[in-house]
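# Chains, contacts and geometry: an overview
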Amino acid sequence: MEVLTIIGITIVGIAIAYGVTRPIERPAAPASVGLGTSFYRIGAETQGVAIGQRAPDFTGQQDGRDVQLTDLDGRPISLSSLAGHPLWVNFWATWCPPCQSETPDLEAVAQAHAADGLVLLAIDVQEPADVVRAYVNQYGLTYQIGLDTTAAIMQRYGVFGLPTHYFIDRQGVIRDRLFGPLSRAEMERRVAAIEAP
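A brief structural summary. Everything quoted here is computed from the prediction, not taken from an experiment.

## Points about the side chain of Glu127
Note that Glu127 resides in the loop between strand E7 (119-125) and helix H3 (129-139). For Glu127, a relative accessible area of 7% puts it in the buried group. Engagement of the side chain of Glu127 in a polar contact is seen with the side chain of Thr94, the distance being 2.6 Å. Setting aside its immediate chain neighbours within four residues, Glu127 contacts Ala93, Thr94, Trp95, Val132, Leu147 and Thr149.

Shown next, in the form of structure tokens:
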């Protein structure tokens, strides 16, 4: 009887220790923001870069350190290299359910507007390249992928949840933004607004 009691106490103790010491997981439920859209909060709420402002570059100094967005092969991506194109920047992560739901529509809209010069740059936040590459291959994604492994670009744009979208015109000015997921119709409407000459 005493042995069973000791075993029972030991099991309860292990369960409590596991619950207290296990790592914090990704958010379990979306937070509501803006016009009732849902997204996964990953930081303190900010105003983000405002509509009408010039889009911040993906390179340079921030808090005394060099900042550089790279593609899946480690090559640098700069805002200046995309100048003259309507640019749709999507901050996302492979583990984010609303981001996953948007993936087929992102691909479809990007392909539908590629001939118009649209560039969709999907910036993954703080994940290893191999994880992101596996996701890209699984879904056959053709749009440009950026890796923000230190979250510096995310901070520069004032992103506090995923997905977050910025729509930038050919002159590099932010014309629209949304904190949260978009429907296909909303994507099309926003892309049309930045494609105008």
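Structure shown, so let's carry the discussion forward.
## Here we look at the side chain of His113
When you line up the elements, His113 lands in the loop between helix H2 (97-112) and E7. Looking at His113, the relative accessible area reads 10%, which means it is buried. A polar atom in the side chain of His113 sits 2.6 Å from the side chain of Glu188. Non-local contacts of His113, meaning those with residues more than four positions away in its chain, are made with Leu118, Glu188, Val191 and Glu195.

## With respect to H2
Taking 1.5 Å per residue, 16 residues should reach 22 Å; H2 reaches 24 Å between its end C-alpha atoms and fits that length. By the largest-angle criterion, Thr103 marks the main kink of H2, which is about 40°, and a proline, Pro104, follows within four residues.

The rules we used
- Residues numbered from 1 in each chain as written.
- Predicted model: local features only at pLDDT ≥ 70, side-chain atom pairs only at ≥ 80, totals over all residues.
- Heavy atoms only, no water.
- Helix = DSSP H or I, 4+ residues; strand = E, 2+ residues; numbered from the N terminus.
- Buried < 20%, exposed > 50% of the residue type's maximum accessible area, 1.4 Å probe, protein only.
- Polar contact = N/O pair within 3.5 Å; in protein donor to acceptor, adjacent residues only side chain to side chain.
- Contact = heavy atoms within 4.5 Å.
- Expected span 1.5 Å × (residues − 1).
- Bend = angle between axes of the 7 residues up to and from the residue.

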